[in-house]
Amino acid sequence: MTGSATMTTDQMWRAVAAERASLIELLETLPESDWNHGSLCEGWRVRDVVAHIVLSANPGLGWILVNVLRARGNFDRAIRETAIRLADRTTPTQLLAALREGIALRSTPIGTTAADRLMDLLVHGQDIAVPLGITRQMPVDAARSALERIWATNGFRSRELSRYHLVATDTGWAAGSGPLVEGPAAALLLLVTGRRAGQEHLTGGGVPRLNTQ
């Protein structure tokens, strides 16, 4: 991996607040029908993704333990089911209000950091926007910091994609070795987190192989 994250922890938290605020601006324009539209997350509606963002802004150990137990120890299932339950009993107006209340919060679940919170917002913002045909710009420095964090923790598809040489053409980030896959940091972040959206912005000899795995 080349380069290093350029954002401090404080800068990351300010970027988190900016992402939350801009997401609210986007959501305020949506008709209620769009809140039930499918997102890029399989089985998640837009409203479920928003509910997840609300919950993750103010996590607590008690909430985590109770819901993991409820999901029989499956953490991913706990996250999904808890978000859906909140979305089902909460109106879009109420979800927006909760998002506004959490704009400045600097809380993270145990074992995670500001970079994880930033990554979550960047990717879920695209999970909402892309299926609705909305272009949502991803700040380059924020996308790079998210990539750095995922790669450092072997998160999502990073181990699998380490067989490729990933290069962000709009910042100094690069990682892995093998066939070249290059493009904007935003597109690489979506790739590393398992989204197919954004692959039209990627080039290089490794791109044709990505969809065969």
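Preceding this section is the structure that the text describes.
Conventions used here
- Residues numbered from 1 in each chain as written.
- Predicted model: local features only at pLDDT ≥ 70, side-chain atom pairs only at ≥ 80, totals over all residues.
- Heavy atoms only, no water.
- Pairing = 2+ DSSP bridges.
- Helix = DSSP H or I, 4+ residues; strand = E, 2+ residues; numbered from the N terminus.
- Salt bridge = Lys/Arg side-chain N within 4 Å of Asp/Glu carboxyl O.
- Buried < 20%, exposed > 50% of the residue type's maximum accessible area, 1.4 Å probe, protein only.

Undergrad: When you look at the pairing of strand β1 (residues 165-168) in this model, what are you seeing that I'm missing?
TA: If a strand is regular, its side chains alternate between the two faces of the sheet. By the bridge criterion, 4 bridges tie β1 to strand β3 (residues 180-183) in an arrangement that is parallel. Within β3, the position partnered with alanine 168 by the bridge is glycine 183. Examined bridge by bridge, β1 and strand β2 (residues 174-175) share 2 bridges and lie antiparallel to one another. Bridge assignment links valine 167 to a residue of β2, and that residue is alanine 174. Where β1 folds back onto β2 in an antiparallel hairpin, the turn is made up of 5 residues.

Undergrad: Sorry if this is basic, but what is going on with the pattern of salt bridges here?
TA: Where charged atoms from two side chains of opposite charge approach closely, those side chains can pair. Considering all chains together, one arrives at 11 salt bridges under this definition. Among the ionic pairs, arginine 195 bridges to aspartate 127, the shortest N-O distance being 2.7 Å. Here arginine 195, found in the loop between α9 (185-192) and α10 (207-210), pairs with aspartate 127, found in helix α6 (residues 114-129); they are 68 residues apart in sequence, far enough to count as distant. Note on aspartate 127: relative accessible area 0%, which makes it buried. The salt bridge partner of arginine 144 is glutamate 148, with a shortest N-O separation of 3.7 Å. You can see arginine 144 and its partner glutamate 148 sitting in helix α7 (residues 140-152), 4 residues apart, about one turn around the helix. The buried category is assigned to glutamate 148, whose relative accessible area is 10%. Via salt bridges that share partners, Asp10, Arg14 and Arg106 belong to a single interconnected network.

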